[in-house]
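Structural overview for review
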Amino acid sequence: MRRKIIAGNWKMNKTPTEAIALINELKPLVATKDADVVFCVPFVSLIPAVEAVKGTDIAIGAQNMYFEESGAYTGEVSPGMLVDIGVKYVIIGHSERRQYFAETDETVNKKVIKAFEHGLTPIICVGESLTQREQGITIDFVRQQVKIAFLNVTADQAKNAVIAYEPIWAIGTGKVATTEQAEEVCSAIRMCISEIYDVATAAAIRIQYGGSVTAASAADLFSQKDIDGGLVGGASLKADFGKIVNYK
Ligand code: PEP
């Protein structure tokens, strides 16, 4: 039985002072024994966030990292730096990073490999554009993203990965995918993992849905057979996140 995982992607929101206030507000609301809960906060808030969640079951995640250990990469943050401060998860290949910061399937793959080398759990984002959906190539496109993301990743590592299926047209638009659309793609992703590795790996890996999830849509989405929780943007910055985490 896979354990649900619900992660908030705060994006570029909240100063460190505001972040700690929000974490303190959310702490009692997201308390649950039924799911892993992760707050993915901006880099500058990671250290105080790790401190603020001490004594709770909440984990802290970063929203990006670089794939080198150290060196002349001005402005970048390495996996070792994240581990050193107590970060457990890292979002990799979010569509906003692919769109605005030229991330590719190849850089995603390099980052996934590095994250595992350092014991970080990657939340690997995949998902199609509206044009791709309308062209009927959603599954082919997402399968390709998954296959490249997992190149040279072992089955044991893959079992611990999290994949976030996030249709680009649903992110930040208020247009949530139907449960059928979300389940269809998450199920195809699981099938793809089974083809790359084996049935046991596919059964273990956790696949989230992301894209305009709210307290109203969480229960239907998260109760689908292949949907193991969500990656939540806008609604993770509000008390509503507590209702999403406790969706049952
Ligand atoms: C996201 O940023 O990963 C996301 C799903 O955003 P939203 O929930 O706001 O659509």
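Here's a quick rundown of the structure. On a predicted model such as this, the values are computed, not experimentally measured, just so you know. (Residues numbered from 1 in each chain as written. Predicted model: local features only at pLDDT ≥ 70, side-chain atom pairs only at ≥ 80, totals over all residues. Heavy atoms only, no water.)

1. A word on the state of the cysteines
The line we're drawing: When two cysteine sulfur atoms are found within 2.5 Å, that pair is recorded as a disulfide. In this scheme, a residue with accessible area under 20% of its type's maximum is buried, one over 50% is exposed, and one in between is partly exposed, where area comes from a 1.4 Å probe on protein chains only.
Enumeration over the complete set of coordinates arrives at zero disulfides. Free of any disulfide, Cys 40 has its nearest cysteine sulfur in Cys 125, 8.9 Å distant. Residue class for Cys 40 comes out buried when judged on its relative accessible area of 0%. In this structure Cys 186 is not part of a disulfide, and its nearest cysteine sulfur, from Cys 125, lies 12 Å away. You can call Cys 186 buried: its relative accessible area is 0%.

2. A short note on the pattern of salt bridges
For side chains bearing opposite charge, pairing can occur when the charged atoms are close. What counts is decided by this rule: By convention in these notes, a salt bridge is any Lys or Arg side-chain nitrogen within 4 Å of a carboxyl oxygen on Asp or Glu. Starting at the N terminus, helices and strands are each numbered in turn, a helix being any DSSP run of H or I of at least four residues and a strand any DSSP run of E of at least two.
Under the criterion given, the structure shown has 18 salt bridges. Residue Arg 133 pairs with Glu 128 through a salt bridge whose shortest N-O separation is 2.8 Å. Across the salt bridge formed by Glu 195 and Arg 143, the nearest N and O atoms sit 2.7 Å from each other. Of the two residues, Glu 195 sits in helix α9 (residues 179-196) while Arg 143 sits in helix α7 (residues 138-149), which places them 52 residues apart along the sequence.

3. Concerning the environment of Gly 233
How we decide: Contacts: residue pairs with any heavy atoms within 4.5 Å of one another.
Along the chain, Gly 233 falls in the loop between β8 (229-232) and α12 (240-245). Each C-alpha atom of the pair Gly 233 and Lys 11 lies 7.2 Å from the other, and the pair is 222 residues apart in sequence. Once residues within four sequence positions are removed from consideration, Gly 233 is found in contact with Asn 9 and Lys 11.

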